[in-house]
Amino acid sequence: MIRVASLGYVGVESPKHSVWNEIGPEVFAFQLGQPGSDGAVRFKIDDNAYRISIHPGERNRMSYQGWELASYEEFGNAQEELSRQNIPYKVADAGECADRLVGEMLYFQSPAGFRYELFVLPSRRDDSFLPPRPHSGFQTGDQGLGHVNVVVPDGEAEHRMLVDVLGAKVSDAVIVGGGDAMRFYRVNPRHHSTAHMVVPGMRGLQHIMVEAKEINDVGRAYTLAKRHPELKITADLGRHMGDMMLSFYVRTPSGWDLEYGYGGQRITDERTPGMLQAPAEYWGHEYDPMFFDFQALEPAD
Ligand SMILES: [Fe+2]
């Protein structure tokens, strides 16, 4: 088994990538990091060099998920484990590592066709996060950047990879609309670092979640997002069961939603996973029909 510490970074492509230079700092309090070599807009939400990259591209799609390994030594173990499980991978060269601002990285394709990157030694600098407007900062550390919620064509194949290869654990499942259960996966005390929804034949990104340290940060971002002409609230303020996140969702110009949250619970191995019945909400999270109109999907390989 590969020992993964956390979801370290996420990369997407978008024709509207440059809009993020404005909405990232002004609405979401993301700090602009050093741009990528292709002009990617990169956001800092803590002392890491960046956590979210929006690359220029012809369509809205998820480009890669970067998973940080639990130790430097784990980089060698990961290669042995992928070979043992007959999963083809490539070790990134110096240029590719420099692009991602990491020490070592390898990558492989998941059954859905997502690019998974496993890395060590992310570039970071203490006390370097300076929010562009008053903000208490984001909950990262041992919980990673937050979580992603992705669409996969085949829940079972992607499930096997996460559990058998990356050592993820199911934290909960939820039945949505009578279809396949949506599953939530954790690799650390965060309730989930990724969740999978099944749409036959498709893959893509539904949302990225970031967690503010104070509840007022959610309220401020909500007010600013509601006022912004390029943004639309897709789920009103509410609190989920499962991760207990108090949050709202907003459709971004890149076709996926940003979930802006606060107050997620930390969980341990002692907690028993549950099958939650929809709507799995303590209150709120009234969904706009646009929430279910996934605009950042592509045909799966
Ligand atoms: Fe979420």
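Since the model is a prediction, treat every value here as computed from it, not as a measurement. (Residues numbered from 1 in each chain as written. Predicted model: local features only at pLDDT ≥ 70, side-chain atom pairs only at ≥ 80, totals over all residues. Heavy atoms only, no water.)

Within the secondary structure layout, Arg 61 lies in strand E5 (residues 61-69). Residue Arg 61 is classed as buried on the basis of its relative accessible area, which comes to 17%. Apart from residues no more than four positions distant in its own chain, Arg 61 is found in contact with Val 12, Glu 13, Arg 203, Ala 296 and Glu 298. (Helix = DSSP H or I, 4+ residues; strand = E, 2+ residues; numbered from the N terminus. Buried < 20%, exposed > 50% of the residue type's maximum accessible area, 1.4 Å probe, protein only. Contact = heavy atoms within 4.5 Å.)

The subject of this paragraph is the domain arrangement of the protein chain. Split by domain assignment, the protein chain resolves into domain 1 (4-122) and domain 2 (143-294). Contacts between domain 1 and domain 2 engage 39 residues on the former and 41 residues on the latter. Here domain 1 and domain 2 share an interface that buries about 3,100 Å² over both sides, 72% of which is from carbon and sulfur atoms. For the pair domain 1 and domain 2, the interface holds one salt bridge. The residue Glu 230 makes a salt bridge to Lys 16 at a minimum N-O spacing of 3.5 Å. Where domain 1 packs against domain 2, one counts eleven residue pairs in polar contact (both at pLDDT 80 or more). (Domains from an automatic or database assignment. Buried area = accessible area lost by both parts, 1.4 Å probe. Salt bridge = Lys/Arg side-chain N within 4 Å of Asp/Glu carboxyl O. Polar contact = N/O pair within 3.5 Å; in protein donor to acceptor, adjacent residues only side chain to side chain.)

Another point: the pattern of salt bridges. It is possible for side chains bearing opposite charge to pair when their charged atoms get close. For the structure shown, the criterion picks out 22 salt bridges. As a salt-bridge pair, Arg 3 and Glu 74 come within 3.5 Å of each other at their nearest N and O atoms. Placement of Arg 3 in the segment before strand E1 (4-14) and of Glu 74 in helix H2 (residues 74-84) is noted, with a sequence separation of 71 residues between them. Measuring nitrogen to oxygen at the nearest pair gives 2.6 Å for the salt bridge that ties Arg 115 to Glu 117.

On strand E3 (residues 41-44), burial covers both faces: Val 41 and Phe 43 on one face and Arg 42 and Lys 44 on the other are all buried. When strand E2 (residues 31-32) meets E3, the two strands line up antiparallel, connected through two bridges. Directly across from Gln 31, in E3, lies its bridge partner Lys 44. Bridge count between E3 and strand E4 (residues 52-56): three bridges; the pairing is antiparallel. By the bridge assignment, Arg 42 is partnered in E4 with Ser 53. (Pairing = 2+ DSSP bridges.)

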